[in-house]
Amino acid sequence: MKKTVLIIIGLIVLGIAPLVVRSPFFVHLMIMVLMWTVLGASWNILGGYAGQVSFGHATFLGAGAYTTMILYLSCGVDPWYGIFIGGIVAVLISLPIGFICFRLRGPYFSLSTLAVAEIVRLVALNWESLTAGPVGLLITTLPQVSFFGKAINWESKVPFYYIIAIITLIALIITYIVSRTRVGAYLLALREDIDSAESIGINTVKARVVALALSAFLAGIAGGFYAMYLRYVDPDAVFSIGLSVEMLFIAVVGGLATVGGPLIGAIVLVTLGESFREHFLSGHLIFYGFFMMLAIRYMPDGVWGRINTLFKKLRLKKDVNHGTA
Amino acid sequence: METLVQSLVSGILTGSLYAMIGVGLTIIFGVMRIINMAHGDMVMLGMYSSFWALTLWNIDPFVSIVFWVPVAFLIGMLTYRFLLKKIVPAGELNTLLYTAGLSLFVSNLALLVWTGDYRTIKLDYAVMPLRPFGIAVPIPLAIAFGMAILITALLYWFLVKTDTGRAIRATSQEPMAAALMGVNAAQMEMLTFGLGTALACGAGVLLAPSLYLYPTVGEILVAKCFVIVVLGGLGSVQGAIAGGLLLGVVESLGAVYVSVPYKDAIGFVIFLLVLLFRPSGLFGVGKS
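Residues numbered from 1 in each chain as written. Chains lettered and ligands numbered in written order. Predicted model: local features only at pLDDT ≥ 70, side-chain atom pairs only at ≥ 80, totals over all residues.

Peer 1: Summarise the overall build of chain A; cite the residues concerned and give the values.
Peer 2: The helix and strand inventory of chain A stands at 15 helices and 4 strands. For 325 residues, the compact-globule formula gives about 20 Å, and the C-alpha radius of gyration of chain A, at 20 Å, lands near that figure. Expressed along its principal axes, the backbone C-alpha trace of chain A runs to roughly 70 × 50 × 40 Å. The 325 residues of chain A split such that 47% are buried. When contacts within chain A are restricted to residue pairs at least 6 apart in sequence, long-range pairs at least 24 apart make up 75% of them. (Helix = DSSP H or I, 4+ residues; strand = E, 2+ residues; numbered from the N terminus. Rg over C-alpha atoms; globule rule 2.2 N^0.38 Å. Buried ≥ 20, exposed ≤ 12 C-beta atoms within 10 Å, placed from the backbone. Contact = placed C-beta atoms within 7 Å.)

Peer 1: Could you give an account of the overall build of chain B, naming the residues involved and the relevant values?
Peer 2: A tally of regular secondary structure across chain B gives 11 helices and 0 strands. The secondary structure elements of chain B, listed N-terminal to C-terminal, are α-α-α-α-α-α-α-α-α-α-α. Over its C-alpha trace chain B gives a radius of gyration of 18 Å, about what one expects of a compact globule, namely 19 Å for 288 residues. In chain B, which comprises 288 residues, the share counted as buried stands at 53%. Partitioning the intrachain contacts of chain B with sequence separation of at least 6 by distance along the chain shows that 78% fall at a separation of at least 24.

Peer 1: So what's going on with the environment of A:Gly86? Residues and values would help.
Peer 2: Residues and elements named next belong to chain A. With respect to the secondary-structure elements, Gly 86 resides in helix H4 (residues 79–101). Residues Gly 86 and Gly 220, 134 residues apart in the sequence, show an inter-C-alpha distance of 5.4 Å. When neighbours within four sequence positions are excluded, Gly 86 is seen to be in contact with Ala 63, Gly 64, Ala 65, Thr 67, Thr 68, Gly 220, Ile 221, Gly 223 and Gly 224.

Peer 1: Could you give an account of the interface of chain B and chain A, naming the residues involved and the relevant values?
Peer 2: With 32 residues of chain B at the interface, the matching set in chain A holds 32 residues. Counting residues per element, the side of chain B that touches chain A draws most heavily on helix H4 (residues 92–114) of chain B, at 15 residues. Here the residues of the side of chain B that touches chain A are counted per class, giving 25 nonpolar, 3 polar and 4 charged. (Nonpolar A, V, L, I, M, F, W, Y, C, P; charged D, E, K, R; others polar.)

Peer 1: Break down the packing of helix H2 (residues 39–57) of chain B against helix H8 (residues 185–207) of chain B for me, with residues and values.
Peer 2: All names here are of chain B. Two elements in contact, H2 and H8, have axes separated by 7 Å at closest approach and are oriented at 45 degrees. It follows from the interaxial angle that H2 and H8 lie oblique. For the pair H2 and H8, the crossing hand works out as right-handed. Taken together, the residues of H8 that come into contact with H2 (itself represented by His 39, Met 42, Val 43, Met 44, Leu 45, Gly 46, Met 47, Ser 49 and Ser 50) are Thr 197, Ala 200, Cys 201, Gly 202, Ala 203, Gly 204, Val 205 and Leu 207. Taken together, the residues of the contact of H2 with H8 break down into 10 nonpolar, 7 polar and no charged. (Axes fitted to C-alpha atoms, helices over the stretch in contact; angles between N-to-C directions. Parallel < 35°, antiparallel > 145°, perpendicular 65-115°, else oblique. Left-handed = near helix turned anticlockwise from the far one by under 90°.)

Peer 1: Report on helix H7 (residues 158–180) of chain A, specifying residues and quantitative values.
Peer 2: Residue and element names in this part refer to chain A. Between its terminal C-alpha atoms H7 stretches 33 Å, which fits the 33 Å expected from 23 residues at 1.5 Å a residue. Residues of H7 that are buried: Phe 160, Tyr 161, Ile 164, Ile 167, Thr 168, Ala 171, Thr 175 and Val 178. In this fold, the buried residues of H7 make contact with helix H1 (2–20), helix H2 (24–49), helix H8 (182–192) and helix H10 (204–230). (Expected span 1.5 Å × (residues − 1).)

Peer 1: Give a description of the confidence of the model for chain A that names residues and reports values.
Peer 2: Taken over all residues, the pLDDT of chain A has a mean of 85, while the share at 70 or more is 94%. In the model of chain A, strand E2 (residues 146–147) of chain A stands out as the element of lowest mean pLDDT, 64, in contrast to H10(A), which has the highest, 92. (pLDDT = per-residue confidence, 0-100.)

Peer 1: Give a description of the nonpolar core that names residues and reports values.
Peer 2: Counting residues in each nonpolar core, the largest one holds 192 residues, and the members touching the most others are A:Ala222, A:Met292 and B:Ile21. Residues within four places of B:Ile21 in sequence aside, it is in contact with B:Val43, B:Leu199, B:Ala200, B:Ala203, B:Leu221 and B:Cys225. (Core = buried A, V, L, I, M, F, W, Y, C linked by C-beta atoms within 7 Å.)

Peer 1: Account for the packing of helix H9 (residues 217–232) of chain B against helix H10 (residues 237–257) of chain B, naming residues and giving values.
Peer 2: Residue and element names in this part refer to chain B. Taken N-terminus to C-terminus, the directions of H9 and H10 make an angle of 125 degrees; their axes are 7 Å apart at the nearest point. The angle between H9 and H10 places the two elements in the oblique class. Crossing geometry of H9 relative to H10 is assigned as right-handed. Touching Lys 224, Val 227, Ile 228, Val 229, Leu 231 and Gly 232 of H9 are Gly 239, Ala 240, Ala 242, Gly 243, Gly 244, Leu 246 and Leu 247, all from H10. Taken together, the residues that form the contact of H9 with H10 break down as 8 nonpolar, 4 polar and 1 charged.

Peer 1: Break down the environment of B:Tyr212 for me, with residues and values.
Peer 2: Residue and element names in this part refer to chain B. Positionally, Tyr 212 belongs in the loop between H8 and H9. Residue classification places Tyr 212 among the exposed residues on the basis of 12 C-beta atoms within 10 Å. When the C-alpha atoms of Tyr 212 and Ile 121 are compared, they prove to be 8.2 Å apart, with 91 residues separating the residues in sequence. In contact with Tyr 212, other than residues within four places in its own chain, are Tyr 118 and Thr 120.

Peer 1: How would you summarise the environment of A:Val268 if you had to cite specific residues and measurements?
Peer 2: All names here are of chain A. Position of Val 268 among the secondary structure elements: in helix H13 (residues 261–277). On the neighbour-count criterion, Val 268 (19 C-beta atoms within 10 Å) is partly exposed. Sequence-wise, Val 268 and Val 303 are 35 residues apart; in three dimensions their C-alpha atoms are separated by 9.2 Å.

Following this line, the structure appears as structure tokens:
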């Protein structure tokens, strides 16, 4: 009951925030927080629930970003559909990657995803006829779209805010569904002990492929959005190891295998990061690294996990007090 | 024919330094099961140490290595004692994530302090390459090659012949049994992390005159390092040496006969193939 109220309040805040606070920096900050929530949630499905720590999620982000960009620039496909197709392309790319990397376990899986991501980045850097290489792709205008008869002003950040807010909701709902259904239980089982999971008849390959596909789809969509929002992509901006690591950090700091974790992680890290970006470029990564070390050392369950345990303790105390009274 | 010999030679020269870095990573993994994502950043710090020693105090890199290696050894031991020790029991994935955090922290701190400018070290005696038998050999790389072999051989001697070295290898093979034989595992771990860091940093000092310096250079180096140690078998010192030389040669042949832009990709493709088909390394000696 309490939860529903909280969620409704959250939705209302999400809906009216850009109308109340009109500072462009703040709107930009919220867009970044939401985008990183999607990316963190995407990583969390594979890395948190299934326990497959990927160091190569930038591949899917990049695939989505480039697909959306190339479709718009050379075929004139609207980014609306482009973003969605970007997600599909990311899923298609994820299948052979899963085929290769899922043969490996634990840290070996992580290293193999790192290698795949580097190969993909090098291909994107050198396949100049498709990606324009290190020069990158740039768009100057976005298509005319009207909403209730009013043309959308792409120069303002507010429409982007609502688009990413919807994508974020979809990402969180997908995570919730995963956590509540059989697939989620399979994933948790194989995370804890893959051999036992197999021996009780779980098709762990299938379960991991499903997790990877969902994860890639979300990362691809976020990538498409990223490309449209920045209006520029180049291989180092969307395929770098750094991006994969940032996604991982947001999920870990927020709380692995929780629905709200990535949101908390993104709020904490991105807010800190963006406020420091003003003063020095890439200074935010210093904090990311620092928080990562703190999180692994002092709260391996992440911020969300820690809050949950604190709440449980409080509730327990209350119950005990009632009992004695 | 000449191009073949030329690329073989430059491959082996670079490979010797790769081997030195790889040995550092592999002994750390062997003893503590840490996949050290920050290893490349230790190399980066070594490169910058060498650069600053030359610019500020006018000390040649091949001289300054004499004091940078012990400094790195101490820093490595302190890093282990105060940052990593509590994390190691939590498992390989946690240390992997933790060192990834450390790596990001160190490289971006360097980016903040030293900016992202590309720097180079210019040595007066290094302008013209040596030309034995018509093959160009850059002088700094040749000296670095000699020193890398010397240091790696010293380490190898230490591991094989001394009591402490034996204790380290014992801990790597069977920690429980080693502890029962009276080996102080905690001490060995600290020592090994110090040694690994010293090797990485030393290789960085030696590499500095031959490569561009920039704060995120560690990212690509650490990826290469994983290729090397997986090629040779994780945890195996001989394997890492062979893997390092092999990667150096493959890269330099690839740059000539395949394509320059894809030379880094070749290493990763081999890496994936080895992981898939021979997870204990080409020589089958590693731990899987």
